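Summary of the model geometry
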Amino acid sequence: MGAGNWAGIALAGGLTITGYGTGASLQMDAWDTQTAASIQTVAAPGAGRAIVLSKGYAEIPSSGFSDAVLGLLASHGFTRTDAASADLWLRAHLRLKRGGGRQASATAAPGRGRASAEVEVVLELIRRATGEPVWSGLATATLEHPFWSSEGRQELVGLAARLLAPVRGAVLPG
């Protein structure tokens, strides 16, 4: 199956969880601990991004977001390594709702509208050796803060952390 086809299929079969504190909608595949028993290392792939099927959202390039998600995976038992030797590749997509713009807040000072946007975070873990997806998750939410601000980045990383909650690296005897 081509890399462009599996992303949408993997997301469509996920488990849906709604009603998290900020009104985020989360969808994710179940983390298969049997299949993932030997997975210990993760990296961002060098090239060849998967195509994520998403209607109404546009990709925002953000290597900083990918780095933050790799940091989250380190707290889940994964070791970050180079792309050529990793067990898994992480593809982290940050997408903004098309046509989303500035929305004035009633509490904002005059002339200082507050930017809020609906965002979509898509995380994909791909087995490097085969190119097959191991896990994917999607979160959609309206941010309280502009996505480019430090508070907005914290909100995005929080969404990623919620998605990654069930994902654990293998703990093999050393």
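I will try to describe carefully the structure that is included in this document. Quick caveat: nothing in here was measured; it's all calculated off a predicted structure. (Residues numbered from 1 in each chain as written. Predicted model: local features only at pLDDT ≥ 70, side-chain atom pairs only at ≥ 80, totals over all residues. Heavy atoms only, no water.)

1. Let's talk about the pairing of strand 6 (residues 88-97)
Taking burial as the measure, the ten residues of strand 6 include eight buried ones, the bulk of the element. Summarising the sheet, strand 3 (residues 41-43) and strand 6 pair through two bridges and their orientation is parallel. Considered in strand 6, the bridge of Val-42 is made with Leu-88. Bridge count between strand 4 (residues 57-59) and strand 6: three bridges; the pairing is antiparallel. If you follow Tyr-57 over to strand 6, its bridge partner there is Lys-97. Strand direction decides the pairing type here: strand 6 and strand 9 (residues 118-127), joined by nine bridges, are antiparallel. Each bridged residue has a counterpart across the sheet, and for Leu-96 the counterpart in strand 9 is Val-119. (Buried < 20%, exposed > 50% of the residue type's maximum accessible area, 1.4 Å probe, protein only. Helix = DSSP H or I, 4+ residues; strand = E, 2+ residues; numbered from the N terminus. Pairing = 2+ DSSP bridges.)

2. A short note on the packing of helix 2 (residues 63-74) against helix 3 (residues 150-164)
Taken N-terminus to C-terminus, the directions of helix 2 and helix 3 make an angle of 40 degrees; their axes are 10 Å apart at the nearest point. Classed by the angle they form, the pair helix 2 and helix 3 counts as oblique. For the crossing formed where helix 2 meets helix 3, the hand is right-handed. Along its contact with helix 2, which presents Phe-65, Ala-68, Val-69, Leu-72 and Leu-73, the element helix 3 presents Leu-156, Val-157, Ala-160, Ala-161 and Leu-164. Looking at the contact of helix 2 with helix 3 residue by residue, the classes come out as ten nonpolar, no polar and no charged. (Axes fitted to C-alpha atoms, helices over the stretch in contact; angles between N-to-C directions. Parallel < 35°, antiparallel > 145°, perpendicular 65-115°, else oblique. Left-handed = near helix turned anticlockwise from the far one by under 90°. Contact = heavy atoms within 4.5 Å. Nonpolar A, V, L, I, M, F, W, Y, C, P; charged D, E, K, R; others polar.)

3. Describing the packing of aromatic side chains
Scanning the model with the defined rule gives two aromatic pairs in all. Measuring from centroid to centroid gives 6.4 Å for Trp-31 and Phe-78, while their planes differ by 75 degrees, and the two rings are edge-to-face. With Trp-31 in the loop between strand 2 (25-28) and strand 3 and Phe-78 in the loop between helix 2 and strand 5 (79-80), this residue pair connects regions lying 47 residues apart in the sequence. On the accessibility criterion, Trp-31 (10% relative accessible area) is buried. On the accessibility criterion, Phe-78 (4% relative accessible area) is buried. Between Phe-147 and Trp-148, the ring centres sit 5.2 Å apart and the planes meet at 85 degrees, which makes this aromatic pair edge-to-face. (Phe/Tyr/Trp six-rings, centres within 6.5 Å; stacked < 30°, edge-to-face > 60°.)

4. Re helix 2
Over its twelve residues, helix 2 extends 17 Å from the first C-alpha to the last, a length consistent with the 16 Å expected when each residue adds 1.5 Å. Within the sequence span of helix 2, burial applies to Phe-65, Ser-66, Val-69, Leu-70, Leu-72 and Leu-73. For helix 2, the buried positions fall inside an angular range of 155 degrees around the axis, keeping them on one side. Each element contacted by the buried residues of helix 2 is listed here: strand 3, strand 5, strand 6, strand 9 and helix 3. (Expected span 1.5 Å × (residues − 1). Arc of directions from axis to C-beta.)

None of the figures reported here should be taken as evidence of function without further support.
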